[in-house]
Amino acid sequence: LSSSPINADCFSSFVGKDARRDNANCRELFNFMRRNICPFVASYLDSHGYDFPDLIKSLASILHRNGINVRFLGIVGSYCKNERTVCMVASEMVARLVKSKLRKDWRSMVDEGKNQPLDSRSCTADVYSSLFEAQEKETEFWSNVVQKRMNEKFPGSLALARNRPWRTLCDMKLVIDRLSSMTGITFREDPWEIFGKRGRILAHDVIKTEERIRVVNLVPIECLSGFELLAEALRISDFDNKKKLAADAVRVFEQAIQHNNAMNLQAVTCCADAKMFLSQFLTFFDARASLDEAEELYRRSLCIRPQITETLLRLGDLHVQQAKLSRIEETAARLRARAGARYLQGMLYQWERDYA
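Residues numbered from 1 in each chain as written. Predicted model: local features only at pLDDT ≥ 70, side-chain atom pairs only at ≥ 80, totals over all residues. Heavy atoms only, no water.

Caption draft 1: Up close: the packing of helix α14 (residues 265-278) against helix α15 (residues 284-304). It is the contact of α14 with α15, at a shortest axis distance of 8 Å, that shows an interaxial angle of 155 degrees. With respect to their mutual orientation, α14 and α15 come out roughly antiparallel. In this structure, the crossing between α14 and α15 has a hand that is left-handed. Residues L265, V268, T269, C271, A272, D273, K275 and M276 of α14 form the contact with α15, whose own contacting residues are S290, L291, E293, A294, L297, Y298, R300, S301 and I304. A class-by-class count of the residues in the contact of α14 with α15 yields 10 nonpolar, 3 polar and 4 charged. (Axes fitted to C-alpha atoms, helices over the stretch in contact; angles between N-to-C directions. Helix = DSSP H or I, 4+ residues; strand = E, 2+ residues; numbered from the N terminus. Parallel < 35°, antiparallel > 145°, perpendicular 65-115°, else oblique. Left-handed = near helix turned anticlockwise from the far one by under 90°. Contact = heavy atoms within 4.5 Å. Nonpolar A, V, L, I, M, F, W, Y, C, P; charged D, E, K, R; others polar.)

Written as C-alpha cells, this is what we have:
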C-alpha cells in the first residue's frame, strides 16, 4: 500500500528531520484507506446488516482484519446505506464513548482514594441514568458529552449522523449489551426496565462492576507513604537515618506491588528507584544485590511500557553505578533509537563520558 515504511511517530513533536516526508507518507496511506478500504468494509457491513445484533459483537475484529482502527468507525459508518447497519455502528460508537467516560470517572475516583465498591457502583448508576434520560428532554449528557465529544473520538461521525440526534440514531438495548461486555457491569435486572419503573438507576441496582481500567498508569495510594519517606531521607543529612528511611520506603513499595499488581508500572518503577537510592548506604555486596533487584524491576517496567524513555535513562544510570559497561552500550543504543529531543542526546553524551 505504501512505497516506504511509515514512521510510527508521524505528526508528533519528535518525528525528526524527515517530518515532512514521513507525514506525507502517512497522509497518503490514510487517504487510501478512507477512499478505498472504508467503502469496501461499509459495503460488507451493509450486505450483512440483517445479521445484527450478532454482527455488532464482531465489528471491531472486522475493522482490524481490514487494517482499520476502531476510532475510524465514523468514517466507515458514513459510507453505510443500510439503516440497520447505521444503527449498529452508531450504537457501537455511543457504547465506546460511554465506556471511555466510565473508565475516566473510575480513574478519577481511584486518584481521589475512593476505591470502595459502593463508589464505583454509584458512579455507574449516575452515568446509566444520564444515558437513559427521555428523548424529549435532550439532557446535558447527550448534548455536552455525546454530541460534542463524538467527533473528537470518532472522525467522520458528523457525516454519519447527518444532523440527526444520537439519542434517536442508536439502539439503546445494543448500547447496554455492548457496555456490559466491555466494562463487566452486571445489574440485578435489565437496567432499561429498572429505569422505566423508577425513572432512575441507584447504586444497589448494580451487582458488580469490573473496573477494567489501565491501572498500570496509576500510582497506587499505598505508595504515598513511600514518597514521604524518600522525601524525608533526601531532606536530612544523618547517614543512619537516611538508610533507615530508604529501607522503609523500599518495604512500602514492595507491599504496594503485592497489594495491587505485580505489573503495575508506577509501583514497579517507584520500588526500583527506592532500591537504587538505598544502595548508596549499603556495604558492597548488599549494594550490588540491591542494584540487581532494581535492574530487574526497571526491566519489568520496560516490558510493561517499552516506550518510556525515562525508564531507559534510569536503567542507564544504574548500569553506570553497577560498572556494567557492555550493558551501558546496549541501553544507550535502545535510547538512541527513541531519542528525538536534545536533552536525551545530552544524557547519552553523559553516559559515554562516564564510560570513557
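Caption draft 2: Molecular detail of helix α11 (residues 191-198). Of all the positions in α11, only P191, I194 and F195 are classed as buried. Looking straight down α11, one finds that the buried residues subtend no more than 95 degrees of arc, so they occupy a single side. Facing away from the buried surface of α11 by more than 90 degrees, the exposed residues are G196 and K197. Of the residues flanking the end of α11, it is G199, one or two places downstream, whose phi is positive at about 80 degrees. (Buried < 20%, exposed > 50% of the residue type's maximum accessible area, 1.4 Å probe, protein only. Arc of directions from axis to C-beta.)

Caption draft 3: Highlighting unusual backbone geometry. One non-glycine residue with positive phi stands out, namely A323, at about 60 degrees. Taking the relative accessible area as the measure of exposure, A323 reaches 54% and is therefore exposed.

Caption draft 4: Quick look at the packing of helix α12 (residues 224-235) against helix α13 (residues 239-259). Running from N to C, α12 and α13 point in directions that differ by 165 degrees, and their axes come no closer than 8 Å. Taken as axis vectors, α12 and α13 run roughly antiparallel relative to one another. The way α12 lies across α13 gives a crossing that is left-handed. Contacts between α12 and α13 pair S225, G226, F227, L229, L230, E232, A233 and L234 from the former with K242, L245, D248, A249, V252 and F253 from the latter. Within the contact of α12 with α13, the residues separate by chemical class into 9 nonpolar, 2 polar and 3 charged.

Caption draft 5: Up close: the state of the cysteines. Across all of its chains, the model carries 0 disulfides by this definition. Cysteine C80 is unpaired, with the sulfur of C38 as its nearest cysteine sulfur at 9.9 Å. Judged by relative accessible area, C80 falls into the buried class, the value being 3%. C87 takes part in no disulfide bond, and the closest cysteine sulfur to it belongs to C170, at a distance of 6.9 Å. (Disulfide = S-S within 2.5 Å.)

Caption draft 6: Fine view of the pattern of salt bridges. Evaluation of the coordinates by the stated rule reveals 16 salt bridges. The partner of D273 in a salt bridge is R314, and the shortest N-O contact between them spans 3.0 Å. Placement of D273 in helix α14 and of R314 in helix α16 (residues 309-322) is noted, with a sequence separation of 41 residues between them. The exposure class assigned to D273 is partly exposed, which follows from its relative accessible area of 25%. In this structure, the salt-bridge partner of E295 is R327, at a minimum N-O distance of 2.3 Å. Residue E295 is located in helix α15, and its partner R327 is located in helix α17 (residues 325-338); the two are separated by 32 residues in the primary sequence. Its relative accessible area of 6% is what places E295 among the buried residues. In this structure, a network of salt bridges that share partners links the residues D292, E295, R299, K324 and R327. (Salt bridge = Lys/Arg side-chain N within 4 Å of Asp/Glu carboxyl O.)

Purely geometric numbers; function is a separate question.
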